[in-house]
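Inside the fold
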Amino acid sequence: MSAVTYVIYAFLGINIIFNLLGSLSLHRFPDVYTRLHGATKCTTFGTIFAVLAVVVHAAYQLHLTGDPKYLQMALHSLVALVALLLTNPTGAHAIAKAAHLSGYKPAKAVIDAYEEKLRGGEE
Amino acid sequence: MIAPEFFYAAVIVMIGAFLALLRVFFGPSVPDRVVGVDTLNTLIVAGMVLLGAAYDRTIYIDIAIVYALLSYVGTLAIAKYLQGGLR
């Protein structure tokens, strides 16, 4: 067991904790917007650490064996991370806007600033 | 199986994906189901990257890239359809 193995275990542990909290928050929140908030934020953070664990593993194997397959694995994992980081918040924003425009109101909300802005735009 | 810790991490991530799938089945409204599908896509990309490291195959990670981009297009299409038709 080297120090790199402990780093990989720590990253995988952060990944597991945040991904499970993200999927659990789908069942513990009252309406669409809070569910979207919890699920998107937690699963994005957990997936960042899953990809970082794979990158550390591949870099360590590249250092041990010198096989260029591991360099390819690290670079492609980073490309997957960039694709996920660009697309995930944008998709969540689109879902929230579509849910509000199709008539689903936030539960127990006192102030709805987007609704006021829409009404101000129409008048 | 080269690295068993990545395999067990992928199994636990897939348990989280099953929890998100329950929200897709029992969601009371349509945006709830869309939120469940979006979470499921992110978790499947994470699990596929972990399985690529576990089985020592880079092609799984390439498929994860393509899956992330295609699921983004699908999410945008569903959101556009929800807010009043594909115009």
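To keep things clear, this report deals only with the structure shown in the data block. This one's a predicted model, so the numbers in the text were calculated from it and none came from an experiment.

Thresholds applied
Residues numbered from 1 in each chain as written. Chains lettered and ligands numbered in written order. Predicted model: local features only at pLDDT ≥ 70, side-chain atom pairs only at ≥ 80, totals over all residues. Heavy atoms only, no water. Helix = DSSP H or I, 4+ residues; strand = E, 2+ residues; numbered from the N terminus. Rg over C-alpha atoms; globule rule 2.2 N^0.38 Å. Buried < 20%, exposed > 50% of the residue type's maximum accessible area, 1.4 Å probe, protein only. Contact = heavy atoms within 4.5 Å. Areas by Shrake-Rupley, 256 points an atom, 1.4 Å probe, with all protein chains shown as cover. Patch = residues over 30% accessible without salt bridge, like charges linked within 9 Å, V, L, I, M, F, W, Y side chains within 5 Å. Salt bridge = Lys/Arg side-chain N within 4 Å of Asp/Glu carboxyl O. Expected span 1.5 Å × (residues − 1). Axes fitted to C-alpha atoms, helices over the stretch in contact; angles between N-to-C directions. Parallel < 35°, antiparallel > 145°, perpendicular 65-115°, else oblique. Left-handed = near helix turned anticlockwise from the far one by under 90°. Nonpolar A, V, L, I, M, F, W, Y, C, P; charged D, E, K, R; others polar. Phe/Tyr/Trp six-rings, centres within 6.5 Å; stacked < 30°, edge-to-face > 60°.

Looking now at the overall build of chain B. Across its full length, chain B carries 3 helices and 0 strands. Ordered by position in the sequence, the α and β elements of chain B form the string α-α-α. At 15 Å, chain B has a C-alpha radius of gyration far larger than the 12 Å of a compact globule built from 87 residues. Principal-axis analysis of the C-alpha atoms places the extent of chain B at approximately 50 × 25 × 10 Å. A buried classification covers 47% of the 87 residues belonging to chain B. The contacts in chain B between residues at least 6 apart in sequence include a share of 54% that link residues at least 24 apart. By element, 75% of the accessible surface of chain B is carried by carbon and sulfur atoms, the whole surface being about 4200 Å².

Together, A:Ile17, A:Leu21 and A:Leu24 line one region of the surface with nonpolar side chains, adding up to about 270 Å² of accessible area. Looking at where A:Ile17 falls in the secondary structure, it is placed in helix α1 (residues 3-28).

With that settled, consider helix α2 (residues 30-55) of chain B. Look at α2(B): 37 Å from first C-alpha to last across 26 residues, which is about the 38 Å you get at 1.5 Å a residue. With 19 of its 26 residues buried, α2(B) lies for the most part within the structure.

A word on the packing of α2(B) against helix α3 (residues 59-82) of chain B. Residues and elements named next belong to chain B. Two numbers describe how α2 lies on α3: the axes approach to 9 Å, and their chain directions differ by 175°. Considering the angle they form, α2 stands roughly antiparallel to α3. Taking contact as the criterion, the partners of Val30, Pro31, Val34, Asp38, Asn41, Ile44, Val45, Met48, Val49, Leu51, Gly52 and Tyr55 in α2 are, on α3, Tyr60, Ile61, Ile63, Ala64, Tyr67, Ala68, Ser71, Thr75, Ile78 and Leu82.

Turning our attention to the packing of helix α1 (residues 4-26) of chain B against α2(B). Residues and elements named next belong to chain B. At a minimum axis distance of 8 Å, the contact between α1 and α2 shows a crossing angle of 165°. Relative to α2, the element α1 is oriented roughly antiparallel. Two packed elements cross with a definite hand, and for α1 against α2 that hand is left-handed. A class-by-class count of the residues in the contact of α1 with α2 yields 21 nonpolar, 4 polar and 3 charged.

In this section: helix α3 (residues 68-101) of chain A. Helix length check: α3(A) (34 residues) gives 50 Å between terminal C-alpha atoms against 50 Å at 1.5 Å per residue, within 8%. Two residues or fewer past α3(A), A:Gly103 is found with a positive phi of approximately 105°.

Right, let's get into the packing of aromatic side chains. Within the structure shown, the criterion is met by 5 aromatic pairs over all chains. Between the aromatic rings of A:Phe11 and A:Phe49, the centroid separation amounts to 5.4 Å while the plane-to-plane angle is 70°, which identifies the pairing as edge-to-face. With A:Phe11 in helix α1 and A:Phe49 in helix α2 (residues 32-65), this residue pair connects regions lying 38 residues apart in the sequence. Where B:Phe7 meets B:Tyr55, the ring centres are 6.1 Å apart and the plane angle is 80°; that geometry is what we call edge-to-face. Of the two residues, B:Phe7 is situated in helix α1 and B:Tyr55 in helix α2; the sequence distance between them amounts to 48 residues. Here the aromatic cluster, defined as three or more aromatic residues joined through ring pairs, consists of A:Phe11, A:Phe18, A:Phe45 and A:Phe49.

The tally for this structure, following the rule as stated, stands at 2 salt bridges over all chains. Between B:Asp32 and A:Arg35 there is a salt bridge whose closest N-O contact spans 2.6 Å. One end of the pair, B:Asp32, is in helix α2; the other, A:Arg35, is in helix α2, on a second chain. Taking relative accessible area as the criterion, B:Asp32 reaches 5% and is therefore assigned buried. Across the pair B:Asp56 and A:Lys69 runs a salt bridge whose closest N-O atoms are separated by 3.6 Å. Taken together, the residues span two chains, with B:Asp56 in the loop between α2 and α3 and A:Lys69 in helix α3. Given the relative accessible area of 12%, B:Asp56 is considered buried.

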